[in-house]
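Structural overview
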Amino acid sequence: MEKFKDIIRQYPFLGFIIAFFILMAIPSIFFTDLYQSHLSSLIFINIIVAAGLNIVKGYCGQVTVGHVGLYAVGSYTAGCMFMYLGASLWITLPVAILVTGLFGVAFAIPSFRLEGPYLALATLGGGEAIRLFIENGEFFGSTYGISSISQPELFGITFDTPDKYYYISMPIMLIAIYFSFSVLRSSIGRAFMAVREDPISAAASGINVKKHKMLAFILSAMFAGAAGAVYAHLPPGYIHPNNYTVIEMVTFLAMVVFGGLGHIWGGIIGAVIITIVYDLTRPLYEYQLFIFGLTIVLTILFMPKGIGGFIDKYFIDRRFKKKQGVASK
Amino acid sequence: MLLKTKKLMKAFGGLKAINKVDFELPKNEIRGIIGPNGSGKSTFFNLVSGVYDPDPGSYIEFDGHDITNEPPHKVGELGLARTFQLLRLYQDMSVINNVMSGYHTLVPYKFIDAVIGRKKIWDQEKVIKEEMMELLSFVGLADYAEMNASELSGGQRRLLVLARAIAGKPKLLMLDEPAAGLSPVNVDNLMKILMRLKEKYGLTLIIIEHILKVVMDTCSKVTVLDHGEKIAEGTPSQIKDDNAVIEAYLGKKMDDEEMRKALAV
Ligand SMILES: Nc1ncnc2c1ncn2[C@@H]1O[C@H](COP(=O)(O)OP(=O)(O)OP(=O)(O)O)[C@@H](O)[C@H]1O
Ligand SMILES: [Mg+2]
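For the structure given in this document, a descriptive report is provided here. Because the structure is a prediction, the values reported are computed rather than measured.

**Description of empty space enclosed by the protein**
According to the stated counting rule, one finds 2 cavities of 30 Å³ or more in the structure shown. Computed from the structure, the largest cavity encloses a volume of approximately 60 Å³. What lines the largest cavity is simply Thr83(B), Phe84(B), Leu87(B), Arg158(B), Val161(B), Leu162(B), Leu175(B), Asp176(B), Glu177(B) and Pro178(B). Secondary structure elements with two or more residues in the lining of the largest cavity: α6 (154-167) and β7 (172-176) of chain B. Counting the residues that make up the lining of the largest cavity, at least three belong to each of domain 1 (1-79 + 172-265) and domain 2 (89-168) of chain B. Space inside the second largest cavity adds up to approximately 40 Å³. The wall of the second largest cavity is formed by Ala50(A), Ala51(A), Asn54(A), Ser180(A), Leu184(A), Ile264(A), Gly267(A) and Ile268(A). Counting only elements with at least two residues in the lining of the second largest cavity, the list comes to α3 (34-59), α7 (162-184) and α12 (264-280) of chain A. Looking at the lining of the second largest cavity residue by residue, the class counts come to 5 nonpolar, 3 polar and no charged.

Here it is, written out as structure tokens:
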């Protein structure tokens, strides 16, 4: 077991290949209807968003409440490219990532001067502005939305049903997590945390605070853009401004807060749980904002480190016990 | 000269926190800065390290570079490290990550290698971690490496910020009251560690300290500030006999015996 762990640590992508094969097998073993596949894709999409949000908020400590706007940019880049150019996901995905990354620059600029609630307000305004712009733009399909966005083809297969699309959203999610791990476990992730904890001493250590804030916003925007594009092409391929409101923003925030800010695995688990709860509470549409708002407040009050806190505590306790065990021998 | 300031000035409103200070520090010296509360010692550090912008007409040079208007991270990159009076450690990060982030400017791999997760960066990270663990054992914190910095005691925190500042192998290390609030035993311990670090890393040091004994014992030269002005500079024994210094501290002249007592606090 120890040896296995060492190998994974040496070649981190091996773990992802194993996860890939397990996730490949799951539908045929457990799934009984198409809806489960559909929900899984939604979970994967939200994991991508949560992984990105965790970079900027969890690691870099920048309060952003406009992320849903970036997610919308990703979706509408894909949607419009399909509508006007007939482009498939394989084209729209990279373009959406790049375009949303550029929007990330715009979201980063306020963070140079503003902090906490002020930054939250600025980004909230940015996110809402994007939604209103889309809603009022003929070009973007305004309040009709964009429909029948195509599904991608690969190896002669068209991934046009939820059970097939699972095999598109899942690997993209794994790649996204892999990137977030690589970045956050390196000196860049450490610099993000230093900026979060104390920008003045971070700068004293030679860390360029503005550059790292910018980097965090761009990276997290790229994740949101990727997620948005995957969502736009999700069968039946329909996007509407109403999918990008404050309610969605609050669920995104609930994922990372409940999962544990600054904890990669916690954020992923948070995304899984919150997506399922969001889906179950869909009939209670008018209470969702309340439910997830309350989740955030209660989490911050009673378990500020979220699920990730419990994970860490478990492992640290175990490591500690192991050490004591060795000492007593 | 490793560090040089000319006519360094900083006013907050009408208050001249630093007023036309000329300062020169050669390599390998240990310099003490003393002065009453509010005399401008921390402001001097903040100006030199780029945290504050100096007023027009000031000039700061470090290791041959004009750093008068450089932002703090540039100054840090050039090899000037500092600690803060209020410590400013990264509370919600592990002890080892605190120290490792001090190594930031020396990290050998590129951003793009980190993004795509190339294997070589994990090998390099391992090397960095080993080196930083060595530094932690040097200051006696190796056993706490995986703990959150917020769980450390006051004395341990002071050792941690010291280790973090040294992690980037600076040419000049500026310490703002490194021993404040420590018991006499811990002060001795800290000073011993500091002297060993100086030897090992070939550091040049500036120490702001209220515990005059520390300054008198370790510094080869002392600069005295009062109301933002440099009022004296010299060896510890010269400073002890300087009338201006005595007046700044106590507002009156004293005989030798009184003076010795006052400075032995
Ligand atoms: N950011 C600031 N804004 C306004 N005034 C400031 C600021 N920083 C320092 N000052 C003022 O400048 C003067 C010098 O402060 P400084 O912190 O440099 O003193 P010090 O010598 O370090 O004192 P201490 O021994 O108490 O640490 C003080 O009067 C202080 O109130
Ligand atoms: Mg001070």
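**What to know about the sheet that holds strand β9 (residues 221-226) of chain B**
Residue and element names in this part refer to chain B. With mixed pairing, the 6 strands of this open sheet are ordered in space as β6-β7-β8-β3-β9-β10. Edge positions in the open sheet fall to β6 (80-82) and β10 (229-234), since each of these has one partner strand only. Direction aside, neighbouring strands of the sheet carry axes that sit 20° apart on average. Packed on one face of the sheet, helix α1 (residues 41-48) meets β3 (30-34), β6, β7, β8 (204-208) and β9 and runs near 145° to β7. The strands that helix α7 (residues 184-201) touches are β3, β7 and β8; relative to β8, the one it contacts most, it runs at about 155°.

**What to know about the interface of chain B and chain A**
Each partner contributes to the interface: chain B provides 34 residues, whereas chain A provides 31 residues. The junction of chain B with chain A conceals about 2800 Å² of combined surface from both sides, 60% of it contributed by carbon and sulfur atoms. Counting every contact that joins chain B to chain A gives 3 salt bridges. Arg190(A) serves as the salt-bridge partner of Glu125(B), at 2.9 Å between the closest nitrogen and oxygen. Across the contact surface, chain B and chain A share 10 residue pairs in polar contact (both at pLDDT 80 or more). Residue assignment for the side of chain B that touches chain A shows that the elements contributing at least two residues are α2 (72-77), β6, α3 (95-101), α4 (111-115) and α5 (119-139) of chain B.

**Thoughts on the site of ligand 1**
Residue and element names in this part refer to chain B. By nearness alone, 15 residues border ligand 1, and Gly38, Lys41, Ser42, Thr43 and Gln85 come closest of all. A distance of 3.2 Å separates an oxygen atom of ligand 1 from a polar atom in the backbone of serine 39. With the chains in place, 65% of the 630 Å² that ligand 1 exposes on its own is no longer accessible. Counting only elements with at least two residues in the shell around ligand 1, the list comes to β2 (15-25) and α1. Each residue belonging to the shell around ligand 1 can be placed in one class, and the counts come to 5 nonpolar, 8 polar and 2 charged.

Thresholds applied
Residues numbered from 1 in each chain as written. Chains lettered and ligands numbered in written order. Predicted model: local features only at pLDDT ≥ 70, side-chain atom pairs only at ≥ 80, totals over all residues. Heavy atoms only, no water. 1 Å grid on protein atoms, 1.4 Å probe; cavity = no way out; pocket = protein on both sides within 12 Å on 5 of 7 lines; lining within 4 Å. Points joined across faces, edges and corners; volume = space filled by probe spheres on them. Helix = DSSP H or I, 4+ residues; strand = E, 2+ residues; numbered from the N terminus. Domains from an automatic or database assignment. Nonpolar A, V, L, I, M, F, W, Y, C, P; charged D, E, K, R; others polar. Pairing = 2+ DSSP bridges. Axes fitted to C-alpha atoms, helices over the stretch in contact; angles between N-to-C directions. Contact = heavy atoms within 4.5 Å. Buried area = accessible area lost by both parts, 1.4 Å probe. Salt bridge = Lys/Arg side-chain N within 4 Å of Asp/Glu carboxyl O. Polar contact = N/O pair within 3.5 Å; in protein donor to acceptor, adjacent residues only side chain to side chain. Near = heavy atom within 4 Å. Areas by Shrake-Rupley, 256 points an atom, 1.4 Å probe, with all protein chains shown as cover.

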